[in-house]
Amino acid sequence: MKRSLRGLEADIHTWAERDAAAALSHLDRLLGDRREIHWLGHSLGGQILGMLPNRSRVSRAVTVGCGSGYWRENSIGLRRYVWWLWYVVVPLTLPTFGYFPGRKLRKVGDLPRGVMAQWRRWCLDREYMMGEGGDALRAQYASLSVPMLSLAFTDDEFMSRRNTESLHGFYAGARPEMRRIAPKDIGERRIGHFGFFRDRFERSLWPQVSAWLA
């Protein structure tokens, strides 16, 4: 049964502190204390790890195509698009529809009002989520001290080098190992923001993660 997102009370903290944390707790119960849990987070999946109340259960973390969304650090081409999104589209659609109708607009996808409103606030703030979370959230992220690998791509249409560096700077205690990969480095013409998970990178990109985790 299809249900509208209108009226759904949720924001990004809901996804992190309840949904993702619940999934991690369930995996913990299945595996037991003797098995390590590794976190592979793409984009937002890498951004929210520091918010999880049970993040200490993670032994190692890998982020893929992950960075802050602060709009002035976006690539020049993307800045024009997000300016229109944050200053015109979102302010008009949220009160009109009660959620963000991304599918109709062919932008991002349908999202709860609270998620899109919070994401907008973050992306307009130089400190991204820390601008809203303050010192308490900054300390929470810095306290994560597990080994962390960041895989970023030079042709990522959403995450610039500066976006990637800014976000991983919040994980000060983890001291992330940063790898920025150009398509030509692996004999490809294109990787992009979502490319890592495509089958054709099974022999070129995926082994970088498995080897690092070994």
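Residues numbered from 1 in each chain as written. Predicted model: local features only at pLDDT ≥ 70, side-chain atom pairs only at ≥ 80, totals over all residues. Heavy atoms only, no water.

J.: Can you break down the overall build of the protein chain residue by residue, with the values?
T.: Helices and strands together make up the secondary structure of the protein chain, namely eight helices and six strands. The order of helices and strands in the protein chain, counted from the N terminus, is α-β-α-β-α-β-α-β-α-α-β-α-β-α. A compact globule built from 214 residues should have a C-alpha radius of gyration of about 17 Å, and the protein chain, at 18 Å, falls within 12% of that. In terms of its C-alpha atoms, the protein chain occupies a principal-axis envelope of roughly 50 × 40 × 40 Å. The burial tally for the protein chain puts 45% of its 214 residues in the buried class. Relative to all contacts within the protein chain whose residues are 6 or more apart in sequence, the contacts with residues 24 or more apart total 64%. Total accessible area computed for the protein chain in this model is approximately 11,900 Å², and 51% of it derives from carbon and sulfur atoms. The averaged location of the 22 negative side-chain charges in the protein chain is 5 Å from the averaged location of its 33 positive side-chain charges. (Helix = DSSP H or I, 4+ residues; strand = E, 2+ residues; numbered from the N terminus. Rg over C-alpha atoms; globule rule 2.2 N^0.38 Å. Buried < 20%, exposed > 50% of the residue type's maximum accessible area, 1.4 Å probe, protein only. Contact = heavy atoms within 4.5 Å. Areas by Shrake-Rupley, 256 points an atom, 1.4 Å probe, with all protein chains shown as cover. Lys, Arg positive; Asp, Glu negative; His and termini not counted. Charge placed at Lys NZ, Arg CZ, Asp CG, Glu CD.)

J.: Lay out the pairing of strand β6 (residues 177-181) in plain terms, naming residues and giving numbers.
T.: One ladder, built from five bridges, connects strand β5 (residues 148-153) with β6; its direction is parallel. When the bridges of β6 are listed, Leu151 appears paired with Arg179. In terms of handedness, the path from β5 via helix α7 (residues 161-169) over to β6 forms a crossover that is right-handed. (Pairing = 2+ DSSP bridges. Right-handed = clockwise from strand over helix to strand, strands pointing away.)

J.: Describe the sheet that holds β6, listing the residues and the values that go with them.
T.: An order of β1-β2-β5-β6 is seen for the four strands of this open sheet, with the pairing classed as parallel. The sheet is open, and its two edges are formed by β1 (37-42) and β6, each paired on a single side. The average angle at which neighbouring strand axes cross in this sheet is 15°, direction not considered. Summarising the sheet, strand β2 (residues 58-64) and β5 pair through four bridges and their orientation is parallel. Note on β5: the bridge partner recorded for Val64 is Leu151. Sitting on the sheet, helix α1 (residues 12-31) touches β1 and β2, and the angle it makes with β1 is about 150°. Set on the sheet, helix α8 (residues 206-213) makes contact with β1, β2, β5 and β6; between it and β2 the angle comes to about 160°. (Axes fitted to C-alpha atoms, helices over the stretch in contact; angles between N-to-C directions.)

J.: Can you lay out the pattern of salt bridges for me, pointing to particular residues and giving the numbers?
T.: Enumeration according to the criterion identifies nine salt bridges in this entry. One salt bridge in this structure joins Glu177 and Arg179, with 2.8 Å as the shortest N-O distance. Exposure remark for Glu177: the relative accessible area of 33% places this residue in the partly exposed category. By relative accessible area, which is 26% here, Arg179 ends up partly exposed. The shortest N-O distance in the salt bridge between Glu188 and Arg200 comes to 3.5 Å. (Salt bridge = Lys/Arg side-chain N within 4 Å of Asp/Glu carboxyl O.)

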